[in-house]
Structure formats: C-alpha cells, structure tokens
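# Fold and contact review
These are the residues of each chain, in order.
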Amino acid sequence: MFNFTQRYDSSWWLLSTSSPNILIFDPEKILIDLRFILKKDYVIDHLPLVEDQLVKHYNGHTLYFYAIDGNDVLASGLVAWIQKIQHGLKIPDSKINFLSVSPSLPQWRWIPHVLEAFEDIINRIQVEALPRDTSSAKFVGMLASSRFSISRLRLAYGLDCKFPNDAFITFPGNTAKGVLCNNLTEYYQTELDWVSQRTFDNDMPNTDGGIIDYRDGAINYTKIWNQFHMEVVTETDDYQNRWFTDKTAKCLCTGKPFLLLSGQHSLRNLRQMGFVTFDQWIDESYDECVLPAQRIDAIINSLHELYLNPKKSLIIRQMYKHAKQNIDAYYDYVQKQIQLRTYTQGDNRWQEILRHTGRQQTS
C-alpha cells in the first residue's frame, strides 16, 4: 500500500508501508520505482520483468513512475517502452504519472519532487569557516573521485592537458582502468596511460575509493575550497538540466566561481532560480551544447581564453566578488522552499517517508 501527500509548494512525497522495491501494488495504483531501472551510467534494466508483471496485474490502475534520485525520465529507451506498454494495455495518458525532479513527456502528469541534496547543503557547510587564502590555489578544480564516467574522464584529461600543474583534479583512476580494460583499451589508450602516470589530488582523505556520501563530501569540501580558483562542476547527470545536486550547491553557498558540466540550458535554469553565472568573464555559450563531449570542449576553451588573459588575476577577483551574490541567493532559495513545505500537523502523523527508507544518497 502507498499514498502521496502534497506540500504547500505543490511538491509531493510518497508514503509507503513497504520497503523500496521495483514494483509496489495497490488496489488502484501501481508504483514503478525507476531507481531500480535507470542507472547513473545510463543503463536501463529490468524492463522485461516490469512488463511481465504489468501484463499479469494491470486492470485500469493508475501508474506512478517514481524517480526521486534524478533519474532521467526522458531516457529514450524508457519513453519508448512506456508508449509501447500504453498501446498494448490501452492505458490512457491520464493514468501515467511521474513523481520526479524533472518532467517527462508533456502528455503525462508531472508531480514535482524537491532537490534534496541541493537543499541539504545548507546544513552541512559553514561559510564563515572556509579557508579564504587562495594565494597557492591552482587555476581550476574538478572533483570527481566518487564515480567514473566517460565524460568525467574526458574532462579530467582535457583540463590536465590544457592546464598542466595548474589543475586540482580528483578522479577514480583505478575504477577507470577497470572499466576500460580488454576490448575498450584501444579506444582510450592515451587516456589510460595518463591515468596510470597522474597522481590525483584527494578531497576525501578518509575514504578508500568507495562510494562517497554527499554529506561527508560537503564537510571535506570546506577543507579544500581554497586550493583552486574556480570549479568545473561535474553534475551527476550529463543530460538533465534541472537536477542540481550538492555538487552545484557547494559552489553556490560558498561563493565559488564555477562552470557547469550538466545538461543543455542548465546554466539558464540556474539563473531562472535566482543565481548568477559568469558570462561577463567566461564564454558561457557552452550552455547551448547538446552533447557532453561538445560541452566539455567548449568549457575548456572558455577557461583557456581566460587563462591566457593578462588580466587573469584581476578577473578572478572580480568573479569572486560576483559569486558572493550566490551565497545569499542560495540561503534565500532554500529557506523559501523550507517555508513553503512546512508540514501540517496532520502530515507529521504519516508513516516514515519512503525516501528515508533503505537508501543512501551518493555523488
């Protein structure tokens, strides 16, 4: 059994009497938990199982696709599968719902879910405790030690080649070598040679290359904040443009100048949320790029143009002054969201919200 409760800002929470599972059945509703289906490496899994169960049990139910961990609800394989299921089982659009960070197709109902990790950083970082001396800082930083992806490899390699000895880079080198072994080696031999030779920086000294909880990452961020002047934020998903996590929030709430590796128009969406970006000094036309590899090339070119500017030091100081606006903007944004979502007395009597049951938010 499961149900939903709505907040004052029109966001919704799922309430369930059972543990998280790929499918939860109710007499009138079926919940499909996309956290089990849409992986962060863009693999889509378990659809044949779900299809089999829907054919067996569907009888006019309302379907809820649950995607609170930023899962890409516009993934083409998922969308095409849902449309085929609709056709086969004669499910009208009105019975397709997405409880997610961003919407899927416009004909399906979108139930907005909040940016959990993005907002939670307000509880994890004390701005006044930041080390402010940047006299020994490297030009650019990239924090990507928690998870390997091809885009993160491409960005890390590109930054290190373009800014040798002037880039603070954390990266899961051993994982990269494990993933790109055997038949894939020939395509990435140059990058793998670089991974083997490069001694990466460390933003999480108390971990051993395993999964990093974003809460621990936030605490350690304050210790390395002054080791690079600006950050290229590697968001969790390269294609979505509304799912902002702790990675982006850490720059906003501390006043760190940044560039953003995320989906097309993600910078534009941040500005619409009330934050400032840096188009006075950085060519932000990279925000128009459709593909991550194109965006990475454009980001590196924008940074290199600044790097060669004889007024670079002055510009960086100006960018920091500008970035301070994001500190207040972030706190104002989060406080507003919290106020809007103040629980009613009745809401507090509901059972434990499913998002806190048996899951760990990772980077």
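Criteria and cut-off values
Residues numbered from 1 in each chain as written. Predicted model: local features only at pLDDT ≥ 70, side-chain atom pairs only at ≥ 80, totals over all residues. Heavy atoms only, no water. Pairing = 2+ DSSP bridges. Helix = DSSP H or I, 4+ residues; strand = E, 2+ residues; numbered from the N terminus. Axes fitted to C-alpha atoms, helices over the stretch in contact; angles between N-to-C directions. Buried < 20%, exposed > 50% of the residue type's maximum accessible area, 1.4 Å probe, protein only. pLDDT = per-residue confidence, 0-100. Contact = heavy atoms within 4.5 Å. Phe/Tyr/Trp six-rings, centres within 6.5 Å; stacked < 30°, edge-to-face > 60°. Salt bridge = Lys/Arg side-chain N within 4 Å of Asp/Glu carboxyl O. Expected span 1.5 Å × (residues − 1). Arc of directions from axis to C-beta. Core = buried A, V, L, I, M, F, W, Y, C linked by side-chain atoms within 4.5 Å.

## A few points about the sheet that holds strand E4 (residues 29-33)
The five strands lie next to each other as E3-E4-E5-E6-E7, forming an open sheet whose pairing is mixed. This sheet does not close on itself; its edge strands, each paired only once, are strand E3 (23-25) and strand E7 (109-112). Between one strand and the next, the sheet's axes are offset by a mean angle of 20 degrees, whatever the strand orientation. Sheet analysis places E3 next to E4, joined by three bridges and oriented antiparallel. From the neighbouring strand, Leu-23 faces E4, where its bridge partner is Ile-32.

## Considering the pairing of strand E8 (residues 138-143)
The side chains of a regular strand alternate between the sheet's two faces. Counted residue by residue, E8 has five buried out of six residues, so it is predominantly covered. For E8 and strand E10 (residues 228-234), the ladder comprises three bridges, and the chain directions are parallel. The residue of E10 that forms the bridge with Gly-141 is Glu-231. Sheet analysis places E8 next to strand E9 (residues 167-170), joined by four bridges and oriented parallel.

## Description of the confidence of the model for the protein
The predicted coordinates of low-pLDDT regions are not to be read in fine detail. With 86% of its residues at a pLDDT of at least 70, the protein reaches an overall mean of 88. In the model, residues 6-12 has pLDDT below 50 throughout and makes 26 contacts with residues more than four positions away in sequence or in other chains.

## Some thoughts on the packing of aromatic side chains
Two aromatic rings are characterised by how far apart their centres lie and by the angle between their planes. Summed over the entire model, instances satisfying the criterion amount to 20 aromatic pairs. Centroid distance Phe-118 to Phe-275: 6.2 Å. Interplanar angle 75 degrees. Geometry classified as edge-to-face. With Phe-118 in helix H3 (residues 116-120) and Phe-275 in the loop between helix H9 (266-272) and helix H10 (292-307), the pair connects residues that are 157 residues apart, well separated along the chain. Exposure class is identical for Phe-118 and Phe-275. Each is buried. Ring centres of Phe-171 and Phe-200 lie 5.5 Å apart, and the angle between their planes is 45 degrees; on these two criteria the pair is classed as tilted. You can see Phe-171 sitting in the loop between E9 and helix H5 (173-179) and its partner Phe-200 sitting in the loop between helix H6 (189-197) and helix H7 (214-224), a full 29 residues away along the chain. Here Phe-171 and Phe-200 have matching classes, each one buried. Through a chain of ring-to-ring contacts, the aromatic side chains of Phe-118, Phe-244, Phe-275, Tyr-330, Tyr-331 and Tyr-333 assemble into a single cluster.

## With respect to the sheet that holds E8
Sheet architecture is open: four strands sit in the order E9-E8-E10-E11, paired in parallel fashion. Of all the strands in the sheet, the pair left with one neighbour each is E9 and strand E11 (258-261). Ignoring which end each strand starts from, the neighbouring axes of this sheet average 20 degrees apart. With respect to the sheet, H7 is in contact with E8, E9 and E10, its orientation differing from that of E10 by roughly 155 degrees. In the packing of H10 onto the sheet, contacts are made with E8, E10 and E11, and the angle to E11 comes to roughly 165 degrees.

## Notes on the pattern of salt bridges
Across all of its chains, the model carries ten salt bridges by this definition. Residue Lys-29 is joined to Asp-26 by a salt bridge in which the shortest nitrogen-to-oxygen separation is 3.5 Å. Here Lys-29 and Asp-26 have matching classes, each one buried. A single salt-bridge network, built from bridges that share partners, covers Asp-160, Arg-198 and Asp-201.

## Structural notes on helix H2 (residues 76-89)
Given a rise of 1.5 Å per residue, 14 residues ought to cover 20 Å, and the 20 Å separating the end C-alpha atoms of H2 matches this to within 8%. Regarding H2, the residues found buried are Leu-78, Val-79, Trp-81, Ile-82, Ile-85 and Gln-86. Projected onto a plane normal to the axis of H2, the buried residues spread over an arc of 165 degrees and lie on a single side. When the buried face of H2 is taken as reference, the exposed residues oriented beyond 90 degrees from it are Ser-76, Lys-84, His-87 and Gly-88.

## Some thoughts on the nonpolar core
If you look at the biggest cluster of nonpolar residues, it comprises 74 residues, and the most contacted ones within it are Leu-159, Leu-303 and Tyr-330. With ten residues, helix H11 (residues 312-340) is the single largest residue contributor to this core. Setting aside chain neighbours within four positions, we find Leu-159 in contact with Val-140, Met-142, Ala-167, Ile-169, Val-232, Ile-300 and Leu-303. If you look at the next biggest cluster of nonpolar residues, it comprises 26 residues, including Ile-22, Leu-23, Leu-38 and Phe-65.

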